[in-house]
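Chains, contacts and geometry: an overview
Chain by chain, the residues:
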Amino acid sequence: MTITPPDLSVFETVESEVRSYCRGWPTVFDRAQGAHMHDEDGHTYLDFFAGAGTLNYGHNNPVLKRALIDYIERDGVTHGLDMSTAAKRAFLETFSETILKPRGLNHKVMFPGPTGTNAVEAALKLARKVKGRESIVSFTNAFHGMSLGSLAVTGNAFKRAGAGIPLVHGTPMPFDSYLDGEYPDFMWFERLLEDSGSGLNKPAAVIVETVQGEGGINVANAHWLRALSDLCERHDMLLIVDDIQMGCGRTGGFFSFEEAGIKPDIITLSKSIGGYGLPLALTLFKPELDVWEPGEHNGTFRGNNPAFVTATAAIETYWNDAQLEKQTLARGEHVEVALRAIAEEHRDAVADVRGRGLVWGMEFHDKPKANLIAKRAFELGLLIETSGPESEVVKLLPSLTITTEELDEGLRILARAVRETV
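Described below are features of the structure shown in this document. Each residue is numbered by its place in its chain's sequence as written, counting from 1. Local features in this predicted model are restricted to residues of pLDDT 70 or higher, and side-chain atom pairs are both shown and tallied only at a pLDDT of 80 or more, whereas totals for entire chains, interfaces and linings draw on every residue. Values reported for side chains reflect all heavy atoms of the structure, with hydrogen atoms and water molecules removed beforehand.

Before going further, it helps to spend a moment on the overall build of the protein. Where helices and strands are cited, they refer to DSSP runs of H or I of at least four residues and of E of at least two residues respectively, numbered from the N terminus. Helix and strand content of the protein: 14 helices and 17 strands. In this setup the radius of gyration rests on C-alpha atoms only. A globule is expected at 2.2 Å times the number of residues raised to 0.38. The C-alpha atoms of the protein give a radius of gyration of 21 Å, which matches the 22 Å a tight globule of 422 residues would have. Its C-alpha atoms give the protein principal-axis dimensions of about 60 × 60 × 45 Å. For the protein, contacts bridging at least 24 residues in sequence account for 73% of all contacts bridging at least 6. Per-residue and other accessible areas follow the Shrake-Rupley method at a 1.4 Å probe size, with only the shown protein chains counted as cover for residues. Accessible surface for the protein amounts to roughly 18,800 Å². Of this, 51% is attributable to carbon and sulfur atoms. By the counting scheme adopted, Arg and Lys are positive, Glu and Asp are negative, and His together with the chain ends is not counted. Where a charge lies is defined by one atom per residue type: Lys uses NZ, Arg uses CZ, Asp uses CG and Glu uses CD. Considering the protein, the positive charge centre built from 41 side chains and the negative charge centre built from 58 side chains are found 2 Å apart. In this description, contact between two residues means that some pair of their heavy atoms is separated by no more than 4.5 Å.

This is how it looks when you write it as structure tokens:
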């Protein structure tokens, strides 16, 4: 594909230097549908990024779009703070009956604000309020958001440095396989908890991702997650699962922790919970934790009614049976086979292949290669990003509704990009 340099002058002169994704994809996107994005010059790109996991059901999903258009055309409420609305009622009823109850969850639903970091901030605040303690334990290579509380439990040094102030009341512990299996799971963590001389303030909660997306596609196995849940229960700590990127079917089940058979005290959701790419975030917690005073935590945009509409339509369309879950797992196996074939072809370059469902990563020994591969993939018409502390992992995050033909096309482009780069 020949790319004609677009006019990016207004972005470069008016928009802040903080912009990031657009630097790797130097074009001006104009339309998107399904698994494809189109720029204003007519070039088409296969999207293996899906809004960083926000578009699990694809761009402009026709079912969700129809529901949204109908709602807008009848002058449905757009902004309602936390007022009771018909759209919110429909979402809460559908979410409770279709998602929570069948999974044995009776969690209360809180709308903390429009983004994932809002959900995390609310979870941390609630845990501290319930337990009367300040400390939160997180894990190496974790990512939980860019506001100060979320940054305090995030591992990435570059992102933490942007805070400009000390990030306190958070303690990192080794994530699953961080020490390459040299020590028993949680040996260090539990020793600190039990030793009155360790200097560790007793934590209010532990926050964890079942798959660390931004951290490099680090997958926690089910046994490790169950052991963590047990550890939290024995030591009177709340377990928070951050399912913002890995929830809503990304790993197969609606929640990524279902495979482990655990029931977290608090769960955070955002990204694809709105279905259509509209901002929406939820903080879910067991009923006995609902100790909020009215208005104690609020926000102007916590009631995004158009997102309630598309979220309801997404649940009704894709989660009334197990079809999407089965499809995601099958296509994930397909991706794994393709990536392992690439790794075998370039065994000196590829350090590891790992993932679950439809989130996969390919790590490279020569770390800068991952960004070069992503750049070449863009030139060939494929959108992929990198992750990991040094951007050493090529990350695949296609929509769950992608066709097998589109999946194969993207994997072929990726194989070519690797071949031409390493």
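The structure having been displayed, the exposition proceeds.
The subject of this paragraph is the sheet that holds strand β2 (residues 36-39). Read across the open sheet, the four strands follow the order β1-β2-β3-β15; overall the sheet is mixed. A strand with exactly one partner marks an edge of an open sheet, and here the two such strands are β1 (29-33) and β15 (382-383). Whether two strands pair comes down to DSSP finding at least two bridges between them. As judged from the four bridges shared by β1 and β2, these two strands associate in the antiparallel manner. Counted as the bridge partner of Arg31 is His38 from β2.

To continue, consider unusual backbone geometry. Phi angles above zero are rare outside glycine, and Ala52 is one such case at about 55°. Relative to the assigned elements, Ala52 resides in helix α3 (residues 50-53). Remark: exposure states derive from per-residue accessible area (1.4 Å probe, protein chains only) relative to the maximum for the residue type, with buried under 20%, exposed over 50%, and partly exposed in between. The buried category is assigned to Ala52, whose relative accessible area is 8%. Here the phi dihedral of Asn141 falls at roughly 70°; this positive angle occurs in a residue that is not glycine. Of note, Asn141 is situated in the loop between β5 (136-139) and α7 (148-152).

This next bit is on the pattern of salt bridges. A pairing counts as a salt bridge when a side-chain nitrogen of Lys or Arg comes within 4 Å of a carboxyl oxygen of Asp or Glu. With the rule as written, the count across this model stands at 25 salt bridges. Glu258 serves as the salt-bridge partner of Arg103, at 2.9 Å between the closest nitrogen and oxygen. With Arg103 in the loop between α5 (86-100) and β4 (108-110) and Glu258 in the loop between β10 (238-242) and β11 (266-269), the pair connects residues that are 155 residues apart, well separated along the chain. The closest approach of N and O atoms between Arg354 and Asp352, which form a salt bridge, is 2.9 Å.

Only residues whose relative accessible area exceeds 30% and that take part in no salt bridge are eligible for patches, with like-charged residues grouped when within 9 Å of each other and nonpolar side chains (Val, Leu, Ile, Met, Phe, Trp, Tyr) grouped when within 5 Å. A surface patch of nonpolar side chains, amounting to about 410 Å² of accessible area, comprises Tyr178, Leu179, Tyr183 and Met187. Relative to the elements of secondary structure, Tyr183 occurs in the loop between β6 (170-173) and α9 (187-194).

Attention shifts here to a negative patch on the surface. Residues Asp7, Glu12, Asp30, Glu40 and Asp41 make up a contiguous surface patch of negative charge. Tracing the backbone shows Asp41 in the loop between β2 and β3 (44-47). For Asp41, a relative accessible area of 44% puts it in the partly exposed group.

A few words on the packing of aromatic side chains. Each Phe, Tyr or Trp ring, with Trp reduced to its six-membered ring, pairs with another whose centre is within 6.5 Å; inter-plane angles below 30 degrees give stacked pairs, above 60 give edge-to-face pairs, and intermediate values give tilted ones. This structure, assessed with the given rule, holds 18 aromatic pairs. The interplanar angle of 15° and the centroid separation of 6.2 Å between the aromatic rings of Tyr21 and Trp25 together place this pair among those described as stacked. On the accessibility criterion, Trp25 (10% relative accessible area) is buried. An aromatic cluster is built from Phe91, Phe95, Phe111, Phe254, Phe255, Phe257, Phe308 and Trp319, whose rings are joined through pairwise contacts.

Glancing now at the sheet that holds strand β13 (residues 350-356). Spatially, β13-β14-β17-β16 is the arrangement adopted by the four strands of the open sheet, whose pairing is antiparallel. Strands at the two margins of the open sheet, each flanked by one partner only, are β13 and β16 (385-387). Each strand of the sheet is rotated relative to its neighbour by a mean of 30°, with strand direction disregarded. Axes, fitted as lines to C-alpha atoms, cover a helix only where it is in contact. Angles between the N-to-C directions of the axes lie from 0 to 180 degrees.

Glancing now at the packing of helix α4 (residues 62-73) against helix α11 (residues 305-318). Taken N-terminus to C-terminus, the directions of α4 and α11 make an angle of 145°; their axes are 9 Å apart at the nearest point. The hand of the α4/α11 crossing is right-handed. Residues Val63, Leu64, Ala67, Leu68 and Tyr71 of α4 form the contact with α11, whose own contacting residues are Asn305, Pro306, Val309, Thr310, Ala313, Ala314 and Thr317. Left-handed describes a crossing whose near helix is turned anticlockwise from the far helix through less than a right angle; right-handed describes the clockwise counterpart.

Ranked by internal contacts, the top residues of the largest apolar core, which has 86 residues, are Phe95, Leu228, Phe255, Leu269, Leu339 and Leu414. Top element by residues in this core is α11. It accounts for eight residues. Excluding its chain neighbours within four sequence positions, the residues that come into contact with Phe95 are Leu100, Val109, Phe254, Phe255, Leu269, Ile273, Leu282, Leu284 and Ile315. In terms of nonpolar packing, the next biggest core, distinct from the first, is built from 19 residues, Ala122, Leu124, Ile136 and Leu289 among them. Residue types Ala, Val, Leu, Ile, Met, Phe, Trp, Tyr and Cys, when buried and joined through side-chain atoms within 4.5 Å, form a set referred to as a nonpolar core.

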